[in-house]
Structure formats: C-alpha cells, structure tokens
Amino acid sequence: MKHTMFSLKKFDYKKIRNIKDKTVRKILLGFGLTAVIFIILILAFLLMEGLPFFFNGDSIDFFTGDVWDPSSPNIPRYGILPMVLGTFLVTLGAIVIAVPIGVGCSIYLAEIAHPKIRETLKPVIEILAGIPSVVYGFFALVVLSAWIDDFFHSTTRLNALTGSIMLAVMMLPIIISLSEDAIRSVPREMKEASLALGLTKWDTIRGVVIPAALSGITAAIILGVARAIGETMTVLMATGNAPVISFDMLTSMRTMTATIAVEMGEVPFGSIHYHALFAVGIVLFVITFVINFIADKVMKRFREKY
Amino acid sequence: MKWKKIKEHIIYSLLRLTGLFIVCALAVLLFYIISGGMGKMSWDFLSSFPKDGMMSGGIFPMIIGTLSLMTLTMLIALPIGTLSAIYLVEYAKPGRFTDAIRLAVHNLAGVPSIVYGLLGLGLFVVFLGLGLSLISAALTLAIMVLPIIIASSQEALRAVPQNIREGALALGSTKWETTRYHVLPYALPGMMTGSILALSRAAGETAPIIMTGAAFYITHLPSSIFDEFMALPYSIYTLATQSSNVEATRPTIFGAILVLLLIVLCMNLVAIIARNYYRKKYRW
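The structure presented is a predicted model; accordingly, all values stated were derived computationally and were not measured.

The rules we used
- Residues numbered from 1 in each chain as written.
- Chains lettered and ligands numbered in written order.
- Predicted model: local features only at pLDDT ≥ 70, side-chain atom pairs only at ≥ 80, totals over all residues.
- Helix = DSSP H or I, 4+ residues; strand = E, 2+ residues; numbered from the N terminus.
- Buried ≥ 20, exposed ≤ 12 C-beta atoms within 10 Å, placed from the backbone.
- Contact = placed C-beta atoms within 7 Å.
- Nonpolar A, V, L, I, M, F, W, Y, C, P; charged D, E, K, R; others polar.
- Axes fitted to C-alpha atoms, helices over the stretch in contact; angles between N-to-C directions.
- Parallel < 35°, antiparallel > 145°, perpendicular 65-115°, else oblique.
- Left-handed = near helix turned anticlockwise from the far one by under 90°.
- Core = buried A, V, L, I, M, F, W, Y, C linked by C-beta atoms within 7 Å.
- Domains from an automatic or database assignment.
- pLDDT = per-residue confidence, 0-100.

## Here we look at the overall build of chain A
In terms of regular secondary structure, chain A is built from 12 helices and two strands. Walking chain A from its N terminus toward its C terminus, one meets helices and strands in the order α-α-α-β-β-α-α-α-α-α-α-α-α-α. With respect to the three principal axes, the spread of C-alpha positions in chain A is 95 × 65 × 35 Å. Across the 306 residues in chain A, those meeting the buried criterion constitute 45%. Contacts in chain A between residues at least 24 apart in sequence constitute 73% of all its contacts with a sequence separation of at least 6.

## Topic: the overall build of chain B
Tallying secondary structure elements over chain B gives 11 helices and two strands in all. In sequence order, the secondary structure elements of chain B are arranged as α-α-β-β-α-α-α-α-α-α-α-α-α. Dimensions along the principal axes, computed over C-alpha positions, put chain B at roughly 70 × 70 × 35 Å. Scored against the burial criterion, the 284 residues of chain B give a buried share of 49%. Restricting the contact set of chain B to residue pairs at least 6 apart, pairs at least 24 apart contribute 76%.

## Concerning the interface of chain B and chain A
On the side of chain A, 69 residues touch chain B, which itself brings 68 residues to the contact. Here the side of chain B that touches chain A takes 15 residues from helix α1 (residues 2–37) of chain B, the largest share from any one element. Residues that form the side of chain B that touches chain A fall into these classes: 50 nonpolar, 14 polar and four charged.

## A closer look at unusual backbone geometry
Residue and element names in this part refer to chain A. In this structure, His-153 is a non-glycine residue whose phi angle is positive, near 50°. Within the secondary structure, His-153 sits in the loop between α6 (133–152) and α7 (160–184). For His-153, a count of 8 C-beta atoms within 10 Å corresponds to the exposed category. Backbone geometry at Asn-241 places phi at a positive 60°, although glycine is not the residue there. Relative to the helices and strands, Asn-241 resides in the loop between α10 (233–238) and α11 (256–264).

## Some remarks on the packing of helix α12 (residues 272–305) of chain A against helix α4 (residues 96–110) of chain B
Where α12(A) contacts α4(B), the axes come no closer than 10 Å and their chain directions differ by 125°. Taken as axis vectors, α12(A) and α4(B) run oblique relative to one another. The element α12(A) and its partner α4(B) pack so that their crossing is right-handed. Within the contact between the two elements, α12(A) uses Thr288(A), Phe289(A), Asn292(A) and Asp296(A) and α4(B) uses His106(B), Asn107(B) and Gly110(B). Each residue belonging to the contact of α12(A) with α4(B) can be placed in one class, and the counts come to one nonpolar, five polar and one charged.

## Details of the environment of Val186(A)
Residue and element names in this part refer to chain A. Along the polypeptide, Val-186 turns up in the loop between α7 and α8 (188–196). Sequence-wise, Val-186 and Asn-159 are 27 residues apart; in three dimensions their C-alpha atoms are separated by 40 Å. Residues within four places of Val-186 in sequence aside, it is in contact with Lys-191, Val-209, Ala-212 and Ala-213.

## Focus: the nonpolar core
Counting residues in each nonpolar core, the largest one holds 180 residues, and the members touching the most others are Ile175(A), Leu146(B), Ile236(B) and Ile257(B). When residues of this core are assigned to domains, at least three fall in each of domain 1 (2–40) and domain 2 (43–281) of chain B. Those residues in contact with Ile236(B) that sit more than four places away from it in its chain are Val134(A), Phe138(A), Ile253(B), Ala256(B), Ile257(B) and Leu260(B).

## Side note on the domain arrangement of chain B
Residues and elements named next belong to chain B. Segmentation of chain B into domains returns domain 1 (2–40) and domain 2 (43–281). Centre-to-centre, using C-alpha coordinates, domain 1 lies 31 Å away from domain 2. Considered class by class, the residues forming the side of domain 1 that touches domain 2 number two nonpolar, three polar and one charged.

## Focus: the environment of Leu81(A)
Residue and element names in this part refer to chain A. Summarising the element assignment, Leu-81 is placed in helix α4 (residues 81–112). For Leu-81, a count of 17 C-beta atoms within 10 Å puts it in the partly exposed group. For the pair formed by Leu-81 and Asp-12, sequence separation is 69 residues and the distance between their alpha carbons is 69 Å. The contact partners of Leu-81, leaving out residues within four places of it in the chain, are Gly-65, Asp-66 and Ile-245.

## Digging into the environment of Ile291(A)
Residue and element names in this part refer to chain A. Mapped onto the fold, Ile-291 is located in helix α12. Note: C-alpha distance between Ile-291 and Thr-234 (57 residues apart in sequence) is 20 Å. Setting aside anything within four residues of it in sequence, one finds Ile-291 in contact with Ile-222, Val-225, Ala-226 and Ile-229.

## Here we look at the confidence of the model for chain B
Mean pLDDT for chain B: 89, with 98% of residues reaching 70 or above. Here the predicted complex carries an ipTM of 0.91, next to a pTM of 0.90.

Structure representation (structure tokens):
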C-alpha cells in the first residue's frame, strides 16, 4: 500500500513536470513568433494607410513629379523625386566621407594598432555609436553648419553637405566595428603564409587580408548605408529641408525620412496628405529592405567562405 | 626597398590618422556639449518646470517623461525579447519555420526608426485608439528595440556551453528545467547587458515619438500612461528648430542634451563594464 502510494505520487509529479514543460514550450513559441507578427503589422499598416493615396491621389505624379507641395492652395502636388534625390545625395556624400575613414580605421584597429590603443579606441567608437541622433542633429545645426558656411561659403546655411558629414560620423561606428570583425576573421594561416613568403606587413594586409575580407567589408558598408538612408533626426536638423531638385551639395535638401517627420505632425488623419506620407514610408521601407537584403546575402557569402 | 619603407610609413600614418579622427570627432562633440551645458547644471534646472516659453526654468517634466518612457518600454520589450530569444536558441528546430523567424528579426532591425513611428501612429494611436500617449510611444519603441534585445540575448544564450545542457538533460531534467536552472543563470548577465544598450537607444530616439505622443509643452506631468508627455530628445529637437527665440533657448537645449547624454552614456558605460566583468568571470 505504501509502495503504491509512493509510485503514484512519483508518477503524478512526472506528469506535472511534463505538462509544465509542454506548456512552456507553447508559450515560448508564441513569443518567438512576435518578430514575424511585427514585420507583418508594419507591412499591413504601411499598406493600409499608404495605398489609399494611390487610389485617390495622382500616383503617376508621385513617382515622376518633381514638385512636393502638399499645402498648395490650388493644386497640392506630391512628387517624391526631390526627396529621393535628397536622400540619395546626402547618403552618397556620407559614403564618400565615411568609407575611406571607416575602412582605414578598421584596418588600423585589426592589424596595426597596439593592443593598448585598440582597447582605448574601441570604447570611443562604442560611445560614438551610443550618442542619440538628435544630439548629432543639434551639433550639425549649431556648430558644424557654421564651420561649413565659413569654409565653403555655402548657398544656404543648412545644406546637404552638413548632413552628409554628420551622417558620415554616425555611420563610422557601424562600418568600423563590422569590417574590423570581418578583417579579424581572416584565417591566421593566410597571413602567416604570406609573411613567410617574404611579403612585408603592408603587402600582406593589402594583398591578402583585405581581398579576403572584402565581402565582409562590403556588407559593413552596405549596412552603414542602410542606416544613413533611414536616419531621420540628423538630416532633419542639418539639411535645411527644402524639397527642391538640385545637385548642389551646398544647397538645402530634404530627405524622405525628414519629410515624414516634419509633416506628419501637421496633417489631419485620413487626408490625402496623410496617406501620401505613408506612401513615402512604403518607398523608404522597400529601399531599406532591399539594401539590408543585399547586405545579408553578401555577409552570408563571406561567412561561408571562412 | 627604401622607397617601399617610406611608402609603408606614409600609409601607416594615414591609417593612424583615421583612428585619431574618431577620437577627435568624439572629443569635439563632447567639448561643445559639456562646455555649453555645464553652466546650466543645477538642482534647480533638473527639478523645476520650464518657464517663459522654455527660455528659462528647468527640464524636470522632460526628464520624468523620458524616464517613464524608458521604464514602460523595457517592461514591454524585455519579456517579449528575452523569451523569444530563448525560443530561438533553446527550442526552435532548424527548418523553414525558424528561418522565417530569424529573417523577421533581421529585417525588423533594419527598419528605419521613422517607419516604426508610422507603425505606431497607424496601429496604436489610430487603430487601437490609444491616442497620442505614453503607452503608444512606449509600445512603438518596444517594437523598435526588440531586435536588439533578441539578438544580444541569443548571443548570450549561445555562449553557454552545450555540455551544461547535456549534463542537466542526462540527469533527467526536462527541457524547461534545463533552460531555467542551468542555462539562464549563466546567460542572464549577457542578456541584461544587451537590454541596457537597447534601453539607452530607446532613451535617445526621437523620430518615433514625434508621431506617437511626445508634446512640445504641457504644464503637468503625465498622470497616467494614456497622457501625452514631454521627453528630452523631442524637446531638444523642437527647441532647436522651432523656437521663436533661438539665442534665449540655447542654454536650455545644451542643458537638456547634457542630461540626455549623461543618461545614455551612463547606461552604455554600465553595459560595457558589466560585459567585461562577466566575460572575465565566465571563461568556459
């Protein structure tokens, strides 16, 4: 009798444990799915609020029109081109500045710098990455724009170049840390073989290490670009926000992100203008999605190689 | 040969300069902000309400707004993020389904912050009717920091050696008991470190809260999570770009930036120190 009771208890206990285990598994599965749900929600709401614009507004003018003037009393126009161009030019400027410095610094950190210098530089980069974008924006607005104006005598006080330089500084931490990782994961044997063959350290870096890490470095740059395209506050505060078509880096420009941020606060819910801003959001989402996708593919190829 | 040496020397110097550039960039930035904001720092500035269209007075409501926003964001994001990381690392079986989740986390990380703002506006403010409020903004920020929390938690869980799991399972623990008592205790510090970094990101984020509940000026503190609120980053933005008297508001902006930076950098510092400590403590 005593014996059966004991085994009964043991049995129950085991059963409870198993039920508990299975329940937890199901709950965790639910949490695991949240990321998928949120991606779907983002898509759903962008489409839900953005598509009405294409049904009611002038969707041909949206993609080909060169005027963005939603508040015009006569004919409001929603041409996205000035903003696409603004985003493109500001980002291009940032790439031109950030890529040489970023890649150079990552080579320096991974291959040349003394461990002690490395240990001090790494936190500096981390702090740079942690500074909120609104702080960068304010710095660009107050300090950097004055420098640019003094130096280049810019057409407008706030201009695309100011935005590019500030964005470059913001891109640097991403580019540096990711390409440093890529350079560091080049197998030691490759470097040693090259050095053993009598090549100098720099020849090894240039001829062996960089080519081997190239796809990783490329992925780092692409991710930096994606960040720059999606960045809002810095460009909003630095570039002056004039939605005009211009190729002059010293004039005021406006990016897609800035347009949404500036105008969303002023539009009535459900108006054509409101839906147009969501349509801009769709374009922005698609662009960053494609760029991240490409970066992912490049990174995968790099990882498979080593 | 000699020419080659000189060339190498020049290249090395150039590379060193890039390192120097990074340090200078940070130094210049910090110099301007600290020298601009230091004069404003006082207990009065931190603990009183703004006056005269924010040209004088303090930034108390902004600090409270930012802190409550951060707390609320973490309360939402932390359980979702860590539990979903536990699922991905400990439970998910390799296959299409798991790949889809990984892809989603990855893509979520790449979505621009302003698009999260659009989601927050469409979903929480309008569709769910939460209005412009603390809770709308916190939910939006929570979704935004979710991929960061998931990624860092995954990394922390993966760092726990496989043989600890196998040992626990061999002794008859269920999967959950193994995870709960033998994996989580070791992974927890790493998970927390990542979460602190995510939290500091949420504290400084401006674009999403513009559309979901941050207000330019309110005379009282938010009394519930359904109230609009003032937040440091949003106030910095509006004061810097839309103020009627730029010169007069500038000291307030500098002060607000310094406080925001202190909050953000302190959290970063805690995270970095904690990470280094635990890296040394657990060396498998």
